[in-house]
Amino acid sequence: MQTIPKTIIVFFSLLFISTLTSFELLHAQDDRFIVVLDAGHGGKDPGRPTKNGYTEKHIALKVVLELGKQLEKHPDIKVIYTRKTDVFLELHERSAIANKADADLFVSIHCNAHHTQAYGTETYVLGEKNSSRNMAVAKAENEVIFLEDDHHEHYVGFDPSSPESSIAIGIEQEIYIEQSIVLARKVEDNFVNKLKRKSRGIKQLSLWVLHNTYMPSVLIETGFITNKNEGAFLNSKNGQVKVATAIKDAIIDYKKELDLNVGNKISLSVDTDSVVKEDDPMIVEGVTFKVQIAASSRALEAKSYNFKGLPDISREKNGNIYKYFSGKTSDYNEARRLQNEAKLSGYSGAFIVAYKGNNKIDVADALKTESN
Ligand SMILES: [Zn+2]
């Protein structure tokens, strides 16, 4: 009589524990940070042509596979590839893979080309229109649409070869653009600081593959395969590992920053880097510091209520982008306090900018002025 209930208890306990464990495992899996890696082109679409024998689709794939291998060493990151072999994928299929996976990040890898010996890296985030200056890249990366059998169906009203063709950006994508710029900046900074490469900057472009993803997304032009030196570097194993490592470091850094901001505020307050103590004022004569909190193609009113109540909002137009700032002070420590406030409010990428008169200068240079 007594053994039966015991068996039942043991059975149910075991069932309960195993259910709990499998639930936790499942849950832990879902919590991983999902990065979709997209090797540009493939199959019948080779990408940029070169006389040197370097092929964009092959280099892009090799960089992606190396990058994926490095990211997979982090147990809290899950990597999904749009392609792992030399196959043709339509642009809308690439973004569909990322959306279906509900990814946290979409990173598309490409190589640039030019008839001159131009060189350097560029990282693109989504923009609404294509300026004539960037049209070559927009055309080359969008052009694959014409290789797709049913492109009329998928890209209604969009002509990738026309500079007037623009695609509207939904308000829900604005936040992703801000986040994309944060990652893009880290990628370009790493290329410059760690690899001593030339950065041609962060650019906004109307690219289909970026437009259709619902997550922060960047397209990295890792360099010009038409340039003698850069082409050889990108085509080498050593070059591919270096480029992949620089991008991996940027992604890890970006994720860390994000983790600090989505957690509870306690974890933020112990982040010694971003915590500013009530320091004495550090006035730099003739210099104005502001905190850049956002960049967007949308012209929002420079009002506090549009930016989570942050103080002294101002707006600047640079090309097609509006930049938004909080604060205006010649006290560097006040700027750091404002930056911290912006970060606590969710603007994880908030950073300090400095002006001398109307000219933007490096913050480091501004601070040097102070010590002179
Ligand atoms: Zn490409």
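Computed from a predicted structure; not experimentally measured. (Residues numbered from 1 in each chain as written. Predicted model: local features only at pLDDT ≥ 70, side-chain atom pairs only at ≥ 80, totals over all residues. Heavy atoms only, no water.)

### Digging into the sheet that holds strand 9 (residues 321-329)
Consideration 1: Judged by pairing direction, the sheet is antiparallel, and its 5 strands sit side by side in the order 8-9-7-10-11 without closing on themselves. In this open sheet, the two strands that pair with only one neighbour each are strand 8 (313-318) and strand 11 (359-361). Neighbour to neighbour, the strand axes of the sheet diverge by 45° on average, direction disregarded. (Pairing = 2+ DSSP bridges. Helix = DSSP H or I, 4+ residues; strand = E, 2+ residues; numbered from the N terminus. Axes fitted to C-alpha atoms, helices over the stretch in contact; angles between N-to-C directions.)

### Points about the side chain of Glu257
Consideration 1: Here Glu257 shows up in helix 9 (residues 237-262).
Consideration 2: At 2.9 Å, the side chain of Glu257 and the side chain of Lys186 are in polar contact.
Consideration 3: Among residues more than four places away in sequence, those in contact with Glu257 are Val182, Lys186, Ser348 and Gly349. (Polar contact = N/O pair within 3.5 Å; in protein donor to acceptor, adjacent residues only side chain to side chain. Contact = heavy atoms within 4.5 Å.)

### Brief notes about empty space enclosed by the protein
Think of a ball as big as a water molecule: rolled over the atoms, this probe shows where empty space is left.
Consideration 1: The tally for this structure, following the rule as stated, stands at 3 cavities of 30 Å³ or more.
Consideration 2: When its volume is computed, the largest cavity comes out at roughly 160 Å³.
Consideration 3: Forming the walls of the largest cavity are 16 residues, and the residues nearest its centre are Glu178, Val182, Ile293, Ala294 and Gly349.
Consideration 4: Elements represented by at least two residues in the lining of the largest cavity include exactly helix 6 (171-193) and strand 7 (287-296).
Consideration 5: Of the residues belonging to the lining of the largest cavity, the class tally is 9 nonpolar, 5 polar and 2 charged. (1 Å grid on protein atoms, 1.4 Å probe; cavity = no way out; pocket = protein on both sides within 12 Å on 5 of 7 lines; lining within 4 Å. Points joined across faces, edges and corners; volume = space filled by probe spheres on them. Nonpolar A, V, L, I, M, F, W, Y, C, P; charged D, E, K, R; others polar.)

### A few points about the side chain of Lys57
Consideration 1: Tracing the chain through its elements places Lys57 in helix 2 (residues 56-71).
Consideration 2: Not counting chain neighbours up to four residues away, the residues in contact with Lys57 comprise Gly40, His41, Gly42, Gly43, Asp45, Pro46, Arg83 and Asp86.

### Digging into the pairing of strand 6 (residues 217-224)
Within a regular strand, side chains alternate between the sheet's two faces.
Consideration 1: Among the 8 residues that make up strand 6, 8 are buried, leaving the element largely enclosed by the rest of the structure.
Consideration 2: As defined by bridge partners, strand 3 (residues 105-112) adjoins strand 6 across 6 bridges and the pair is classed as parallel. Following the sheet pairing, Phe106 is matched in strand 6 by Ser217.
Consideration 3: Of the strand pairs in this sheet, strand 4 (residues 121-126) and strand 6 are connected by 3 bridges, and their pairing is antiparallel. By the bridge assignment, Tyr124 is partnered in strand 6 with Leu219. (Buried < 20%, exposed > 50% of the residue type's maximum accessible area, 1.4 Å probe, protein only.)

### Quick notes on the nonpolar core
Consideration 1: Of all hydrophobic cores here, the largest spans 59 residues; its most connected members are Val107, Ile247 and Ile251.
Consideration 2: Residues contacting Ile247, with those up to four places away along its chain left out, are Leu67, Val107, Ile109, Val187, Phe191 and Ile220.
Consideration 3: Grouped together as the second largest cluster of nonpolar side chains are 20 residues, Val284, Ala294, Tyr332 and Ala350 included. (Core = buried A, V, L, I, M, F, W, Y, C linked by side-chain atoms within 4.5 Å.)

### What about the environment of Val79?
Consideration 1: Relative to the helices and strands, Val79 resides in strand 2 (residues 77-81).
Consideration 2: Each residue touching Val79, except ones within four places of it in the same chain, is listed here: Val35, Leu37, Gly68, Leu71 and Glu72.

### Topic: helix 8 (residues 228-235)
Consideration 1: Buried residues of helix 8: Glu230, Gly231 and Leu234, and no others. Each buried residue of helix 8 sits inside an arc of 100° when the element is viewed along its axis, so together they form one side. Across from the buried face of helix 8, at angles greater than 90 degrees, the exposed residues are Lys228 and Asn229.
Consideration 2: Of the residues that open helix 8, the one with a side-chain oxygen 2.9 Å from the backbone nitrogen of Asn229 is Asn227. (Arc of directions from axis to C-beta.)

### What about the sheet that holds strand 2?
Consideration 1: Spatially, the 6 strands line up as an open sheet ordered 2-1-3-6-4-5, and their pairing is mixed. The open sheet is flanked by strand 2 and strand 5 (199-205), the only strands paired with a single partner. Taking each pair of neighbouring strands and ignoring which way they run, the sheet shows an average axis angle of 20°.
Consideration 2: Contacting strand 1 (33-39), strand 2 and strand 3, helix 2 runs over the sheet at an angle of about 160° to strand 1.
Consideration 3: Each of strand 1, strand 2 and strand 3 touches helix 3 (residues 91-100); the most contacted strand, strand 1, lies at about 170° to it.

### Some points on the environment of Ile352
Consideration 1: Counting through the fold element by element, Ile352 comes out in strand 10 (residues 351-356).
Consideration 2: As for Ile352 and Arg336, which are separated by 16 residues in sequence, their C-alpha atoms are 7.4 Å apart.

### Description of the packing of aromatic side chains
Consideration 1: Tallied over the full model, the rule gives 3 aromatic pairs.
Consideration 2: Seen in terms of ring centroids, Phe325 and Tyr355 are 6.5 Å apart; in terms of plane orientation they differ by 80°. Their pairing is edge-to-face. Pair noted here: Phe325 is in strand 9 and Tyr355 is in strand 10, with a separation of 30 residues, a long-range link.
Consideration 3: The residue whose ring lies beneath Lys198 is Tyr119, and the NZ or CZ to ring-centre distance is 4.9 Å.
Consideration 4: When the ring centre of Phe325 is taken as reference, the NZ or CZ atom of Lys290 above it lies at 5.1 Å. (Phe/Tyr/Trp six-rings, centres within 6.5 Å; stacked < 30°, edge-to-face > 60°. Lys NZ or Arg CZ within 6 Å of the ring centre and 35° of its normal.)

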